[in-house]
Amino acid sequence: MPLALLLSRIRLPPAAMASTRSASSARLVRASRAEANPVVREVKRESSVSFDISKPESPSVKRKRVKRELEENGEHPVKQVVPDIEDFRYDKTKALISSSKATPPLVKVEKKARVSAVIKVGAPENWEAVLRGIKNMRLSGQAPVDTKGCEKAGSLLPPKERRFAVLISTMMSSQTKDEVTHAAVERLSENGLLDPDAIVRTDEAMLANLIKPVGFYQRKAQFIKEASKICLERFGGDIPDSLNELLALRGVGPKMAHLVMSIAWKNTQGICVDTHVHRISNRLGWVFREGTKQKTTTPEQTRISLEKWLPKDEWEPINPLLVGFGQTICTPLRPKCDMCGINNLCPSAFKESSSPNPKQKKTRSP
């Protein structure tokens, strides 16, 4: 008998039929629940041991999977704000602002370091005692500058003519001894040429011959004629009354301009530094180059250094004082240190041969 016909004729008891129905319905419920809640199915699947050695999922794939699982469970993941790549660009303005809040700008630090490194130059030690000693040695008034210096030019002339004489004398004094300059001024006066109009009308060659043997007399004759013409055309025959206008004249440098302002206009605006003032100030250790402890190398450096500490009431007399001292005692070659009354205060005393015989006994004043 066929099996299908046999089974159709078998009748199960009611209890067995009920249990069969309940089992099948339970399977249908579990299936429907599994379809409704796939997470449960996924969890059961993951609970089994896995030996998968495939390539691990990337961070982006993992984030997507976790997000999907949370959404299936009805949960909402907290959204993290990920900065855009543009936010990582270097912003120079923001960097400066943030750095300025955290620490002071580097520029300020460097500036403080530079300022602290600069050597502050004050008044040299014992300068007042040294100055008194030089003044005592100059009381005799026997130096050439005392009788034949530029300030003596045209001393008997009216103020306006005297100012012009002082200007001409000063222009001739560069790299020339006072005696030679004074003699040239006397020759111009004897020929009626201490006047701008007369000089303009005089032949340049004749003018050069009259001031000879002044150093560079030909060039100086040219400069004197040019200055005389400017004095006539712009200043009514008088001389300029300011440093800038004096310096605008060819042949007039800072030393001459300051000297003319002091002597002619009685308006001292700076120290007149010539070769004597420059040399002696360095020997005494009175001047230094800016920001250093080294000697000055030009008269203009010496002027700037001196004016930083020397009282202003000493600016005008310091030039004839040191010029005369340099002409008589503190000479360029072989200074007479044994005759100097401040050799116990001078840092350069006896360091230069004071006589042709270097073995001469050195003595210091008490």
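What counts, and where the lines are drawn
Residues numbered from 1 in each chain as written. Predicted model: local features only at pLDDT ≥ 70, side-chain atom pairs only at ≥ 80, totals over all residues. Heavy atoms only, no water. Helix = DSSP H or I, 4+ residues; strand = E, 2+ residues; numbered from the N terminus. Buried < 20%, exposed > 50% of the residue type's maximum accessible area, 1.4 Å probe, protein only. Contact = heavy atoms within 4.5 Å. Axes fitted to C-alpha atoms, helices over the stretch in contact; angles between N-to-C directions. Parallel < 35°, antiparallel > 145°, perpendicular 65-115°, else oblique. Left-handed = near helix turned anticlockwise from the far one by under 90°. Nonpolar A, V, L, I, M, F, W, Y, C, P; charged D, E, K, R; others polar. Disulfide = S-S within 2.5 Å. Salt bridge = Lys/Arg side-chain N within 4 Å of Asp/Glu carboxyl O. Core = buried A, V, L, I, M, F, W, Y, C linked by side-chain atoms within 4.5 Å. Polar contact = N/O pair within 3.5 Å; in protein donor to acceptor, adjacent residues only side chain to side chain. 1 Å grid on protein atoms, 1.4 Å probe; cavity = no way out; pocket = protein on both sides within 12 Å on 5 of 7 lines; lining within 4 Å. Points joined across faces, edges and corners; volume = space filled by probe spheres on them. pLDDT = per-residue confidence, 0-100. Phe/Tyr/Trp six-rings, centres within 6.5 Å; stacked < 30°, edge-to-face > 60°. Lys NZ or Arg CZ within 6 Å of the ring centre and 35° of its normal.

A. Summary view of the overall build of the chain. Of regular secondary structure, the chain possesses 18 helices and zero strands. By the burial criterion, 32% of the 366 residues in the chain qualify as buried. Of all intrachain contacts in the chain linking residues separated by at least 6 positions in sequence, the fraction that spans at least 24 positions is 56%.

B. View of the packing of helix α9 (residues 159-173) against helix α10 (residues 178-190). As a packed pair, α9 and α10 sit with axes 9 Å apart at the nearest point and diverge in direction by 140°. One element, α9, and the other, α10, form an angle in the oblique class. You can see that α9 and α10 cross each other, and the crossing is right-handed. Between α9 and α10, the residues in contact are Ile 168, Ser 169, Met 172 and Ser 173 and Thr 181, Ala 184, Val 185 and Leu 188, respectively. Tallied by class, the residues present in the contact of α9 with α10 amount to five nonpolar, three polar and no charged.

C. Region of the structure containing the state of the cysteines. As enumerated under the stated definition, the model contains zero disulfides in all. In this structure Cys 330 is a free cysteine whose sulfur lies 6.5 Å from that of Cys 346, the closest cysteine sulfur available.

D. View of the pattern of salt bridges. In this structure the tally under the stated criterion is nine salt bridges. For the salt bridge of Arg 163 with Asp 238, the shortest nitrogen-to-oxygen distance reads 2.8 Å. Taken together, the residues span a long stretch of sequence, with Arg 163 in helix α9 and Asp 238 in the loop between α13 (217-235) and α14 (243-247) at a distance of 75 residues. Given a relative accessible area of 15%, Arg 163 falls into the buried group. Put simply, Lys 308 and Glu 290 hold a salt bridge, and the shortest N to O gap is 2.4 Å. Pair noted here: Lys 308 is in the loop between α17 (299-307) and α18 (315-328) and Glu 290 is in the loop between α16 (275-283) and α17, with a separation of 18 residues, a long-range link. Classification of Lys 308 as partly exposed rests on a relative accessible area of 46%.

E. Main features of the nonpolar core. In terms of nonpolar packing, the biggest core is built from 39 residues, with Leu 167, Met 172, Leu 188, Leu 246 and Val 252 touching the most fellow members. With seven residues, the single largest contributor to this core is α9. Beyond its immediate stretch of four places on either side in the chain, Val 252 contacts Leu 167, Met 171, Leu 246, Leu 247 and Ala 257.

F. Spatial organisation of the side chain of Arg 283. If you trace the backbone, Arg 283 turns up in helix α16. Side-chain polar atoms of Arg 283 contact the backbone oxygen of Pro 332, separated by 3.1 Å. A distance of 3.0 Å separates a polar atom in the side chain of Arg 283 from a polar atom in the side chain of Glu 352. Each residue touching Arg 283, except ones within four places of it in the same chain, is listed here: Cys 330, Thr 331, Pro 332, Pro 335, Cys 346, Pro 347, Ser 348 and Glu 352.

G. Geometry of empty space enclosed by the protein. This structure, assessed with the given rule, holds two cavities of 30 Å³ or more. Considered as a void within the structure, the largest cavity measures approximately 150 Å³ in volume.

H. Region of the structure containing the side chain of Ser 228. Within the element layout of this structure, Ser 228 appears in helix α13. For Ser 228, the residues in contact, after removing those within four places along its chain, are Phe 164, Pro 196, Ile 199 and Val 200.

I. Representation of helix α15 (residues 254-263) within the structure. In terms of burial, α15 is a largely internal element, eight of the ten residues being buried. Inspection of α15 places Met 256, Ala 257, His 258, Leu 259, Val 260, Met 261, Ser 262 and Ile 263 among the buried residues, and these make up the whole buried set. Close packing links the buried residues of α15 with α9, α14, α17 and α18.

J. Layout of unusual backbone geometry. A cis amide bond, omega 15°, links Lys 212 with the succeeding residue Pro 213. Here Pro 213 shows up in the loop between α12 (204-211) and α13. One non-glycine residue, Asn 126, lies in the positive phi region at around 65°. One can find Asn 126 in the loop between α6 (106-117) and α7 (127-137). For Phe 350, which is not glycine, the phi dihedral falls at a positive 65°. In this fold, Phe 350 is placed in the segment after α18.

K. Region of interest: the confidence of the model for the chain. In the predicted model, the chain carries a mean pLDDT of 79, and 66% of its residues have values of at least 70. Here residues 36-53 is modelled with pLDDT under 50, and outside its nearest four sequence neighbours on either side it reaches five contacts, counting other chains as well.

L. How the structure looks around the layout of surface pockets. Looking at the largest pocket, its volume works out to about 620 Å³. Taken together, 27 residues make up the lining of the largest pocket; nearest its centre are Ser 173, Thr 176, Asp 274, Thr 275 and His 276. The class makeup of the residues in the lining of the largest pocket is ten nonpolar, eleven polar and six charged.

M. Main features of the packing of aromatic side chains. Summed over all chains, the structure comprises two aromatic pairs. Both rings, one in Trp 127 and one in Trp 309, keep their centres 5.3 Å apart while their planes meet at 65°; by these two values the pair is edge-to-face. Residue Trp 127 is located in helix α7, and its partner Trp 309 is located in the loop between α17 and α18; the two are separated by 182 residues in the primary sequence. Each member of the pair, Trp 127 as well as Trp 309, is classed as buried. Ring centres of Trp 286 and Trp 309 lie 5.5 Å apart, and the angle between their planes is 80°; on these two criteria the pair is classed as edge-to-face. Of this pair, Trp 286 sits in the loop between α16 and α17 while Trp 309 is found in the loop between α17 and α18, placing the two residues 23 residues apart along the sequence. On the accessibility criterion, Trp 286 (2% relative accessible area) is buried. On the basis of relative accessibility, which here comes to 10%, the residue Trp 309 falls in the buried class. What links up through ring pairs into an aromatic cluster is the set Trp 127, Trp 286 and Trp 309. The ring of Phe 288 has Lys 293 sitting right over it, with the charged end atom 4.6 Å from the ring centre.

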